[in-house]
Amino acid sequence: MPELAIPLAALLDKLGGADPAATMATLQTDDPSGFDLLCTVIAGAYFLNPEVRQAIGYPGQQAVTIVPEDPPDYEQDGLLASVIARGAIYRPTPSS
């Protein structure tokens, strides 16, 4: 997420080399948006790690080709049959 680069750099500059546990506790109470930013970046980096992805069985994002069905899946189970059989129902828009 490139839009996080500048706010993250500013936050890290502000934090300096402070104790990580104390810093997180302080951020959580004093700077909730900074805490959220740091947690988002940390979680994202964690799940991008190939060892972590392998350990949890997550291959990462993959392109999936959608093959249209005939009829579409939402018509196959019959849930829309009563709506289709009923036909169009609407209230005309009032003219001004």
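Note that the coordinates shown come from a computational prediction; the quantities given were computed from them, not determined experimentally.

Cut-offs used in this document
Residues numbered from 1 in each chain as written. Predicted model: local features only at pLDDT ≥ 70, side-chain atom pairs only at ≥ 80, totals over all residues. Heavy atoms only, no water. Salt bridge = Lys/Arg side-chain N within 4 Å of Asp/Glu carboxyl O. Helix = DSSP H or I, 4+ residues; strand = E, 2+ residues; numbered from the N terminus. Buried < 20%, exposed > 50% of the residue type's maximum accessible area, 1.4 Å probe, protein only. Contact = heavy atoms within 4.5 Å. Core = buried A, V, L, I, M, F, W, Y, C linked by side-chain atoms within 4.5 Å. Arc of directions from axis to C-beta.

*Asks:* Tell me about the pattern of salt bridges, and name the residues and values.
*Replies:* Enumeration according to the criterion identifies one salt bridge in this entry. Of the charged contacts in the structure, one is a salt bridge between Lys-14 and Asp-31, with a shortest N-O distance of 3.2 Å. Taken as a pair, Lys-14 in helix H1 (residues 5–15) and Asp-31 in the loop between helix H2 (20–30) and helix H3 (32–48) lie far apart in primary sequence, 17 residues in all. Judged by its relative accessible area of 57%, Lys-14 falls in the exposed class.

*Asks:* Now, about the side chain of Thr-23: what can you tell me, with residues and values included?
*Replies:* Along the chain, Thr-23 falls in helix H2. Accessibility expressed as a relative area gives 11% for Thr-23, which makes it buried. Ignoring anything within four residues of it in the chain, the contact list for Thr-23 reads Leu-15 and Ala-18.

*Asks:* If you had to explain the nonpolar core to someone new, which residues and values would you point to?
*Replies:* Counting eight residues, the largest nonpolar core is built from Leu-4, Leu-8, Leu-11, Leu-15, Leu-27, Phe-35, Leu-37 and Leu-38. Mapped onto this core, the elements with two or more residues apiece are H1 and H3. Residues in contact with Leu-4, not counting those within four places in the same chain, are Leu-37, Thr-40 and Val-41.

*Asks:* Talk me through H1; I want residue IDs and the actual numbers.
*Replies:* All of the buried residues in H1 are Leu-8, Leu-11 and Leu-15. Down the axis of H1, the buried set is contained in an arc of 65°. They therefore lie on one face. Opposite the buried face of H1, by more than 90 degrees, sit the exposed residues Ile-6, Asp-13 and Lys-14. Buried residues in H1 make contact with H2 and H3. Of the residues one or two after H1, Gly-16 is the one with positive phi, at around 60°.

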